[in-house]
Amino acid sequence: MRALFVHLFTATGAVFAMLAMLAAVDEKWDLMFLWLVVAFFVDGIDGPLARRYDVRAHAPEFDGVLLDLIIDYLTYVFIPAFALFKSGLMDGWTGWFAIIVITFASAMYFADTRMKTRDNSFSGFPGCWNMLVLVIFALEPNFWISITVVSVLAVAMFLPLKFVHPVRTERWRAITLPMALAWTFFAGWAAWVDFHPESWAHWGLIVTSVYLLCAGVAQQMFPAPGDRG
């Protein structure tokens, strides 16, 4: 029953995705991101629960990995891409470029059997477009900056670059996990105040996002003693 409950808990992410989509259609961006932050939180804890209660052995009727990927595509890719397109932050051809590149590249990445490394990190940018789009909403950078970042990360999805998993990457986890929790808090706070330009949450988003984006590459540049050679 506990293993089955984990599957049911994961499936709530689909409900939060629908609530986020309904908010996005009404252009209630703050509410949309609040639901996405809730879905992000669920995604962060359902994996450890699945491993603790061994869902593959005790609830094998449901494929937890497939369920997780379906919900992740909705909450990490599809809805954030829609919001970026409809918000006008990337207007005209840049919006079309972003929405096509993000959805197409992410579909291929989510089906890539090589997405995980030996230390349970991600090989290539793991398609966390929800995080990028939230930062774009908060900071409202020039559209040239936005399209450059989108292009670079889309290419990085298929490069041999490592990106840490906040829970499963053991190296630096004592720093990475609190950083991921802090990002979730700052993201929720930024959405709660409707992305007010003077919110201190923006600086927290910048610091935590830079760490989560660069920590894996830094580990590649400075490998642990056991990884050398």
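The notes below deal with the structure included here.

Here is what the cut-offs are and how they apply
- Residues numbered from 1 in each chain as written.
- Predicted model: local features only at pLDDT ≥ 70, side-chain atom pairs only at ≥ 80, totals over all residues.
- Heavy atoms only, no water.
- Helix = DSSP H or I, 4+ residues; strand = E, 2+ residues; numbered from the N terminus.
- Buried < 20%, exposed > 50% of the residue type's maximum accessible area, 1.4 Å probe, protein only.
- Areas by Shrake-Rupley, 256 points an atom, 1.4 Å probe, with all protein chains shown as cover.
- Lys, Arg positive; Asp, Glu negative; His and termini not counted.
- Charge placed at Lys NZ, Arg CZ, Asp CG, Glu CD.
- Phe/Tyr/Trp six-rings, centres within 6.5 Å; stacked < 30°, edge-to-face > 60°.
- Contact = heavy atoms within 4.5 Å.
- Patch = residues over 30% accessible without salt bridge, like charges linked within 9 Å, V, L, I, M, F, W, Y side chains within 5 Å.
- Salt bridge = Lys/Arg side-chain N within 4 Å of Asp/Glu carboxyl O.
- Axes fitted to C-alpha atoms, helices over the stretch in contact; angles between N-to-C directions.
- Parallel < 35°, antiparallel > 145°, perpendicular 65-115°, else oblique.
- Left-handed = near helix turned anticlockwise from the far one by under 90°.
- Nonpolar A, V, L, I, M, F, W, Y, C, P; charged D, E, K, R; others polar.
- Core = buried A, V, L, I, M, F, W, Y, C linked by side-chain atoms within 4.5 Å.

Considering the overall build of the chain
Here is step 1: When you go through the chain residue by residue, the secondary structure sums to 9 helices and 2 strands.
Here is step 2: Along the chain, helices and strands appear, N-terminal first, in the series α-α-α-α-α-β-α-α-β-α-α.
Here is step 3: Dimensions of the chain, computed from C-alpha atoms along their principal axes, come out at roughly 50 × 45 × 35 Å.
Here is step 4: Counting over 229 residues, the chain shows a buried share of 45%.
Here is step 5: Of the roughly 12400 Å² of accessible surface on the chain, a fraction of 69% belongs to carbon and sulfur atoms.
Here is step 6: A distance of 12 Å separates the average location of the 14 positive side-chain charges in the chain from that of its 18 negative side-chain charges.

Side note on unusual backbone geometry
Here is step 1: A positive phi is found at Glu-140, a non-glycine position, where the angle reads about 50 degrees.
Here is step 2: Assignment of secondary structure puts Glu-140 in the loop between α6 (129-139) and α7 (143-156).
Here is step 3: Even without glycine at this site, Asp-194 takes up a positive phi of about 55 degrees.
Here is step 4: Its location among the elements puts Asp-194 in the loop between α8 (173-192) and α9 (201-221).

Concerning the packing of aromatic side chains
Here is step 1: Applying the stated criterion across every chain, the model contains 20 aromatic pairs.
Here is step 2: Ring centres 5.7 Å apart and planes at 85 degrees place the aromatic pair Tyr-73 and Phe-110 in the edge-to-face group. Separated by 37 residues along the polypeptide, Tyr-73 in helix α4 (residues 64-87) and Phe-110 in helix α5 (residues 93-110) bring together distant segments of the chain.
Here is step 3: With relative accessibility at 21%, the residue Tyr-73 sits in the partly exposed group.
Here is step 4: Aromatic side chains Phe-85 and Trp-96 sit 4.8 Å apart centroid to centroid with 70 degrees between the ring planes, which places their arrangement in the edge-to-face category. Pair noted here: Phe-85 is in helix α4 and Trp-96 is in helix α5, with a separation of 11 residues, a long-range link.
Here is step 5: Residue classification places Trp-96 among the exposed residues on the basis of a relative accessible area of 53%.

Examining the environment of Val-133
Here is step 1: Mapped onto the fold, Val-133 is located in helix α6.
Here is step 2: Overall, Val-133 belongs to the buried group, its relative accessible area being 1%.
Here is step 3: Aside from chain neighbours lying at most four places away, what touches Val-133 is Phe-33, Pro-80 and Leu-84.

Looking at a nonpolar patch on the surface
Here is step 1: There is a patch of nonpolar side chains on the surface, built from Trp-96, Ile-100, Phe-104, Met-108 and Phe-158 and spanning about 600 Å² of accessible area.
Here is step 2: Tracing the sequence through the fold places Met-108 in helix α5.

What to know about the packing of α6 against α9
Here is step 1: Relative orientation of the contacting elements α6 and α9 amounts to 150 degrees, with a least axis distance of 11 Å. The orientation of α6 with respect to α9, classified from their angle, is roughly antiparallel. Handedness of the α6/α9 crossing: left-handed. Contacts between α6 and α9 pair Met-131, Leu-134, Val-135, Ala-138 and Leu-139 from the former with His-202, Leu-205, Ile-206, Ser-209 and Leu-212 from the latter.
Here is step 2: By residue class, the composition of the contact of α6 with α9 is 8 nonpolar, 2 polar and no charged.

Concerning the nonpolar core
Nonpolar side chains in soluble globular proteins generally cluster together in the buried interior.
Here is step 1: Grouped together as the largest cluster of nonpolar side chains are 58 residues, with contacts concentrated most on Met-32, Phe-33, Trp-129 and Trp-183.
Here is step 2: Those elements that provide at least two residues to this core are α1 (2-25), α2 (29-52), α4, α5, α6, α7, α8 and α9.
Here is step 3: In terms of residue count, the dominant contributor to this core is α6 (9 residues).
Here is step 4: Ala-3, Val-6, Ala-50 and Ala-59 belong to the second-largest nonpolar core, a separate cluster that totals 5 residues.

Some points on the pattern of salt bridges
Here is step 1: For the coordinates displayed, the defined rule picks out 2 salt bridges.
Here is step 2: One salt bridge in this structure joins Asp-112 and Arg-114, with 3.0 Å as the shortest N-O distance.

Brief notes about the packing of α2 against α6
Here is step 1: Interaxial distance between α2 and α6 falls to 11 Å at its minimum, and their mutual angle equals 150 degrees. With respect to their mutual orientation, α2 and α6 come out roughly antiparallel. Crossing of α2 against α6: the hand is left-handed. Residues Trp-29, Phe-33, Val-37 and Phe-40 of α2 form the contact with α6, whose own contacting residues are Asn-130, Met-131, Val-133, Leu-134 and Phe-137.
Here is step 2: Of the residues assigned to the contact of α2 with α6, the class counts are 8 nonpolar, 1 polar and no charged.

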